[in-house]
Amino acid sequence: MESTALLIAASLNAGTVLAIASLGLLINEKAGIVNLGAEGMMLCAALAGFATVVHTGSTVAGFAAGMAVGALLAALFGGLVIWLNTNQYATGLALSLFGGGFSAFAGTAYVQEKLPEQSQFAIPLLSDIPFLGSALFKQHPMVYACVGLMAGLVWFLFRTRAGLVLRSVGESPESAHALGYPVRRIRLLAVMAGGALCGLAGAYVSTVYTPLWVEGMIAGKGWIALALTTFATWRPARVLLGAYLFGGVTMLQFHLQGMGVDVPSQFLTMMPYLATIAVLVLISRNPTWIRINLPASLGKPFYPGS
């Protein structure tokens, strides 16, 4: 029972990284922009967050630094694809490659650095409940904040005028422009908000999830987050559930190794990525489901007055 509780707790922790990044990418895609640079943004933000905590001792400052770096790189991406109409996919891939190379170069000085000890978090009384306490109520506050972020995003997208405008920009930018809405400005703000969340996810990885800095430590999480938005058919609640599912698959490999299950370690390492491919294949069998939820202008440039 205790090992199962620890597996659930680890799955929630791992899923939080994917959920925060995926919710950010969902905001981008609701506005009609595909940002394939999530991996690079998360790597740069992970380095920025780690370096900030090393020098200040404040995890909150590390999160803020990660968000700032993510937003800055997203603004660069947005300027290129929204104002200069460069290809979204090529620009995103370039950003991802840049982030990987720059973080590896700039992070060499921090490879041996260690973060200050962090206090253990627990919700009073609830954390003492057998099984549930260990599984659910001894998490970092960011895990619970992630659930609140999902609920807030649902409310924003489907219950507010600003959310309606954002979705209209993704569905029909020409119509939104004809009604007087600044489509390019709205898209840039959405891209920067998504970048800030990707940055927060990257900073969480290097300061809480695995509190250290090594080259390439995001290890494909940005790509899985991109796949999760499609897996969830662009719905925030489904993004959260999907993130915890993939977090569970990721942690299961370590759980099985700890139990002494005789499975090649290479296969266990492949499990999260195999699960991603399998889910996307299953979803792709129903194109109607994708078409109903897919933002109509996703990935397409907008030309004012066209």
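Preceding block: the structure.
Quick caveat, the model's predicted, so the values are computed rather than measured.

A.B. asks: Please explain the overall build of the chain as it appears in this structure.
C.D. replies: Along the chain, the regular secondary structure elements total 13 helices and zero strands. Seen in sequence order, the chain has helices and strands lined up from the N terminus as α-α-α-α-α-α-α-α-α-α-α-α-α. Here the chain has a C-alpha radius of gyration of 20 Å; the compact-globule value for 306 residues is 19 Å, and the two agree. Summarising its shape, the C-alpha atoms of the chain cover approximately 60 × 45 × 40 Å along the three principal directions. Taking all 306 residues of the chain together, the buried fraction comes to 51%. Sequence separation of 24 or more characterises 79% of the internal contacts of the chain that already satisfy a separation of 6 or more. Only carbon and sulfur atoms are counted for the fraction: they give 69% of the accessible area of the chain, which is about 14200 Å².

A.B. asks: How do you make sense of helix α10 (residues 221-231) when you look at a structure like this?
C.D. replies: Three- or four-residue spacings in an α-helix give side chains the same orientation, since the helix completes a turn every 3.6 residues. Counting buried positions along α10 yields eight of 11 residues, so the element is predominantly enclosed. By the burial criterion, the buried members of α10 are Lys-221, Gly-222, Ile-224, Ala-225, Leu-226, Ala-227, Leu-228 and Thr-229. Two residues or fewer after α10 comes Thr-233, characterised by a positive phi angle close to 45°.

A.B. asks: What exactly am I supposed to notice about a nonpolar patch on the surface here?
C.D. replies: On the surface, Ile-8, Leu-126, Ile-129, Leu-132 and Leu-136 cluster together to form a nonpolar patch covering roughly 330 Å² of accessible area. Positionally, Leu-126 belongs in the loop between α4 (88-106) and α5 (132-136).

A.B. asks: Just to check I follow, could you spell out α4 for this structure?
C.D. replies: In this model, α4 (19 residues) spans 26 Å end to end at C-alpha, consistent with the 27 Å of a helix rising 1.5 Å per residue. Among the residues of α4, those classed as buried are Gln-88, Thr-91, Gly-92, Leu-95, Ser-96, Gly-99, Ser-103 and Ala-104. Residues of α4 that are buried in the fold lie against α2 (38-56), α3 (59-83) and α10.

A.B. asks: In this structure, what is going on with the packing of α2 against α10? I would like to understand it.
C.D. replies: When two helices pack together, their arrangement is given by the angle between the helix axes and by the axis-to-axis distance. Look at α2 against α10: their axes get within 7 Å of each other, and the N-to-C directions meet at 135°. For the element pair α2 / α10, the angle class is oblique. You can see that α2 and α10 cross each other, and the crossing is right-handed. Counted together, Ala-38, Glu-39 and Met-42 of α2 and Lys-221, Gly-222 and Trp-223 of α10 form the full contact between these two elements. When its residues are assigned to classes, the contact of α2 with α10 shows three nonpolar, one polar and two charged.

A.B. asks: How should I be thinking about the packing of aromatic side chains in this particular structure?
C.D. replies: The geometry of two aromatic rings is summed up by the distance between their centres and the angle between their planes. On inspection of all chains with the given rule, the structure shows three aromatic pairs. Ring plane angle 15° and centroid distance 5.6 Å describe the contact between Phe-98 and Phe-102, whose orientation is recorded as stacked. Of this pair, Phe-98 and Phe-102 both sit in helix α4, four residues apart, which is roughly one turn of that helix. For Phe-98, a relative accessible area of 42% gives the class partly exposed. Ring geometry for Phe-231 and Phe-246: centres 5.7 Å apart, planes at 75°, overall edge-to-face. With Phe-231 in helix α10 and Phe-246 in helix α11 (residues 236-258), this residue pair connects regions lying 15 residues apart in the sequence.

A.B. asks: I'm lost on unusual backbone geometry in this one. Help?
C.D. replies: Negative phi characterises most residues that are not glycine, and trans characterises most peptide bonds. In the Ramachandran plot, Phe-131 falls in the positive-phi region, its phi being about 65° despite a non-glycine side chain. Relative to the helices and strands, Phe-131 resides in the loop between α4 and α5. What makes Phe-131 partly exposed here is its relative accessible area of 27%. A positive phi angle is found at Thr-233, which is not glycine, with a value near 45°. With respect to the element layout, Thr-233 can be found in the loop between α10 and α11. Of the residues examined, Thr-233 reaches a relative accessible area of 0% and is grouped as buried.

A.B. asks: Help me understand the side chain of Arg-187, please; the structure alone is not making it clear to me.
C.D. replies: Assignment of secondary structure puts Arg-187 in helix α9 (residues 183-209). One buried charge, Arg-187, has no salt-bridge partner; the nearest side chain with opposite charge is Glu-174, at 7.3 Å.

A.B. asks: I'm lost on the side chain of Thr-91 in this one. Help?
C.D. replies: Of note, Thr-91 is situated in helix α4. On the accessibility criterion, Thr-91 (13% relative accessible area) is buried. Discounting chain neighbours no more than four positions away, the residues touching Thr-91 are Phe-77, Leu-80, Val-81 and Thr-86.

A.B. asks: What is the right way to read the packing of helix α7 (residues 161-171) against α9 from this model?
C.D. replies: Running from N to C, α7 and α9 point in directions that differ by 105°, and their axes come no closer than 10 Å. Judged on the interaxial angle alone, α9 and α7 are roughly perpendicular. Listed contacts from α9 to Val-165, Leu-166 and Val-169 of α7 are Val-183, Ile-186, Arg-187 and Ala-190. Partitioned by chemical class, the residues of the contact of α7 with α9 number six nonpolar, no polar and one charged.

Here is what the cut-offs are and how they apply
- Residues numbered from 1 in each chain as written.
- Predicted model: local features only at pLDDT ≥ 70, side-chain atom pairs only at ≥ 80, totals over all residues.
- Heavy atoms only, no water.
- Helix = DSSP H or I, 4+ residues; strand = E, 2+ residues; numbered from the N terminus.
- Rg over C-alpha atoms; globule rule 2.2 N^0.38 Å.
- Buried < 20%, exposed > 50% of the residue type's maximum accessible area, 1.4 Å probe, protein only.
- Contact = heavy atoms within 4.5 Å.
- Areas by Shrake-Rupley, 256 points an atom, 1.4 Å probe, with all protein chains shown as cover.
- Patch = residues over 30% accessible without salt bridge, like charges linked within 9 Å, V, L, I, M, F, W, Y side chains within 5 Å.
- Salt bridge = Lys/Arg side-chain N within 4 Å of Asp/Glu carboxyl O.
- Expected span 1.5 Å × (residues − 1).
- Axes fitted to C-alpha atoms, helices over the stretch in contact; angles between N-to-C directions.
- Parallel < 35°, antiparallel > 145°, perpendicular 65-115°, else oblique.
- Left-handed = near helix turned anticlockwise from the far one by under 90°.
- Nonpolar A, V, L, I, M, F, W, Y, C, P; charged D, E, K, R; others polar.
- Phe/Tyr/Trp six-rings, centres within 6.5 Å; stacked < 30°, edge-to-face > 60°.
- Lys, Arg positive; Asp, Glu negative; His and termini not counted.

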